[in-house]
Amino acid sequence: MKRVIFAAAALGASAAIAYAQDPIVGNWKTELGDTAAIASCGSGGSGYCITLKPGKHAGRQIGNFNGKDGSYEGKITDPDANKTYDGSLTVSGNALKMRGCVLKVVCESQTWPRL
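Keep in mind that what you see is a predicted model, and the values were worked out from it rather than measured.

Novice: Sorry, what's going on with the pairing of strand β5 (residues 71-78) here?
Specialist: Consecutive residues of a regular strand have side chains that alternate between opposite faces of the sheet. Alignment of strand β4 (residues 61-68) against β5, held across 6 bridges, turns out to be antiparallel. When the bridges of β5 are listed, G63 appears paired with I76. Hairpin connection between β4 and β5: a loop of 2 residues separates the two successive antiparallel strands, and D69 in this loop has a positive phi of roughly 55°. Here β5 runs beside strand β6 (residues 83-92); their pairing, made up of 8 bridges, is antiparallel. Considered in β6, the bridge of T77 is made with T84. Following β5, the chain reverses through 4 residues before pairing antiparallel with β6; N82 in that reversal takes a positive phi of roughly 55°.

Structure below.
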C-alpha cells in the first residue's frame, strides 16, 4: 500500500513539473493579425524563439529571447522590412508587451494578446 501511495505522489509531482511552463510559451496574435508561436529554442532549452505560423511569412523565425518569469531580452525581426532590432518582452497575464529599439534611442512597442 505504501508503494502505491508513493508511486501516485511521484507521478503527480512529475506531471506538475511537466506542465509548469514559462509564461511566454504559447501562441500570440500580432498587431497585423498573424499568429506568432513562442516556444523553447532547440533541445537544449536555451532561450525562446518566435515563429510566425500562417500567412505571408509562415514558418519564419522572427525572434530569439532569453529570460524567465515574464521578462525577456533579445532580438526581434520585422519580417516585411527584414531588419532586426534589440528587443525586450514582458508578459503580464494574457498580454505580451514587445519593445524593439534602434540604438536604444528610437523604440516602438506592440502588445500581443494570447490566443
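Now, onward.
Novice: Would you mind going over the nonpolar core with me for this structure?
Specialist: Formed by 16 residues in total, the largest nonpolar core has its most connected members in I24, I50, L89, L96 and W112. Secondary-structure elements contributing two or more residues to this core are β2 (35-40), β3 (48-52), β4, β5, β6 and β7 (95-102).

Novice: What am I meant to see in the pattern of salt bridges here?
Specialist: Two side chains that carry opposite charge are able to pair once their charged atoms sit near each other. Using the criterion set out here, one finds 2 salt bridges in the structure. Here K56 ties to D80 by a salt bridge, and the two come within 3.2 Å at their closest N and O atoms. Taken together, the positions of K56 in the loop between β3 and β4 and D80 in the loop between β5 and β6 put the pair 24 residues apart, joining distant regions of the chain. Assessed through its relative accessible area of 71%, K56 is described here as exposed. For D80, a relative accessible area of 48% gives the class partly exposed.

Novice: Explain the pairing of β2 here, please?
Specialist: Taken together, the 4 bridges between strand β1 (residues 26-29) and β2 define a ladder with antiparallel strand orientation. Across the sheet, the residue bridging to N27 is A37, located in β2. Connecting the antiparallel pair β1 and β2 is a turn made up of 5 residues, with G33 showing a positive phi of about 90°. Of the pairings in the sheet, the one linking β2 to β3 comprises 5 bridges and is antiparallel in character. Of the residues in β3, the one forming a bridge with S40 is Y48.

Novice: How should the packing of aromatic side chains be read in this particular structure?
Specialist: Ring pairs (aromatic) are described by centroid distance and by the angle formed between their planes. Applying the stated criterion across every chain yields a total of 1 aromatic pair. Judged by centre distance (5.8 Å) and plane angle (80°), the rings of Y48 and Y72 are edge-to-face. Of this pair, Y48 sits in strand β3 while Y72 sits in strand β5, and the two are 24 residues apart along the sequence. With respect to burial, Y48 and Y72 carry one shared label: buried.

Thresholds applied
- Residues numbered from 1 in each chain as written.
- Predicted model: local features only at pLDDT ≥ 70, side-chain atom pairs only at ≥ 80, totals over all residues.
- Heavy atoms only, no water.
- Pairing = 2+ DSSP bridges.
- Helix = DSSP H or I, 4+ residues; strand = E, 2+ residues; numbered from the N terminus.
- Core = buried A, V, L, I, M, F, W, Y, C linked by side-chain atoms within 4.5 Å.
- Buried < 20%, exposed > 50% of the residue type's maximum accessible area, 1.4 Å probe, protein only.
- Salt bridge = Lys/Arg side-chain N within 4 Å of Asp/Glu carboxyl O.
- Phe/Tyr/Trp six-rings, centres within 6.5 Å; stacked < 30°, edge-to-face > 60°.

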